[in-house]
Amino acid sequence: QVQFVESGGGLVQPGGSLKLSCATSGSLFSIYGMGWYRQAPEKQRELVAGITGGGSTTYADSVKGRFTISRDNAKKTVYLQMNSLKPEDTAVYYCNQVPYRSNYWGQGTQVTVSK
C-alpha cells in the first residue's frame, strides 16, 4: 500500500515562507524518487521539485532558488521549504513519486499567497 499525506499549507503574504511535509507509507520509500507537484486553478499539475533516493534534487525554473526539497528516509517523509513566495505559487501542492503514480495522489495541501 502506498499513501501520501501532505500538510503544512496555508495563507501567507508575498515574500513569506512555508514548509510542507509529506508523510508516506511503504517499506521501499528510500529507493523511489519523490517530488512535489502543484496544480493551480485552470492549470495542469506540474512538477516543481524532485529528489532522488540519494538526495539529488531538481527544480522547475519558476521555483529555483526559492524552494528546497529534502527527504528523511528514516521517517519516510519529504519536505518542501518554500521561501520568497509569490502569488503565482498559489496552488494545491501534492507529493508523489517521480515519475508519479496516478492512482496514489493524496488530498494535497493548499498554499495561498496573497496580501
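Rules of the game
Residues numbered from 1 in each chain as written. Predicted model: local features only at pLDDT ≥ 70, side-chain atom pairs only at ≥ 80, totals over all residues. Heavy atoms only, no water. Helix = DSSP H or I, 4+ residues; strand = E, 2+ residues; numbered from the N terminus. Buried < 20%, exposed > 50% of the residue type's maximum accessible area, 1.4 Å probe, protein only. Polar contact = N/O pair within 3.5 Å; in protein donor to acceptor, adjacent residues only side chain to side chain. Contact = heavy atoms within 4.5 Å. Salt bridge = Lys/Arg side-chain N within 4 Å of Asp/Glu carboxyl O.

Q: Where do I start with the side chain of Thr24 in this structure?
A: Mapped onto the elements of the fold, Thr24 is located in strand S3 (residues 18-24). Thr24 sits in the buried class, given a relative accessible area of 12%. Among the polar contacts listed, one links the side chain of Thr24 to the backbone oxygen of Lys76, at a separation of 2.8 Å.

Q: What exactly am I supposed to notice about the side chain of Thr77 here?
A: Position of Thr77 among the secondary structure elements: in strand S8 (residues 77-82). With relative accessibility at 11%, the residue Thr77 sits in the buried group. In this structure the side chain of Thr77 is engaged in a polar contact, spanning 3.0 Å, whose partner is the backbone oxygen of Lys75. Those residues within four positions of Thr77 in sequence are excluded, and the remaining contacts are Ser21, Cys22, Ala23, Phe29, Ser70, Arg71 and Asp72.

Q: What should I look at first to understand the pattern of salt bridges in this one?
A: Pairing between side chains of opposite charge can happen when the charged atoms of each approach one another. Applying the stated criterion to the full structure yields four salt bridges. The residue Arg38 makes a salt bridge to Glu46 at a minimum N-O spacing of 3.0 Å. Its relative accessible area of 6% is what places Arg38 among the buried residues. Ionic pairing is found between Asp89 and Arg66, a salt bridge with its closest N-O pair at 2.7 Å. Here Arg66 lies in the loop between strand S6 (57-59) and strand S7 (67-72) and Asp89 lies in the loop between S8 and strand S9 (91-97), a separation of 23 residues in the sequence. Classification of Arg66 as buried rests on a relative accessible area of 9%. Here the salt bridges share partners, and the residues they tie into one network are Arg38, Glu46, Arg66 and Asp89.

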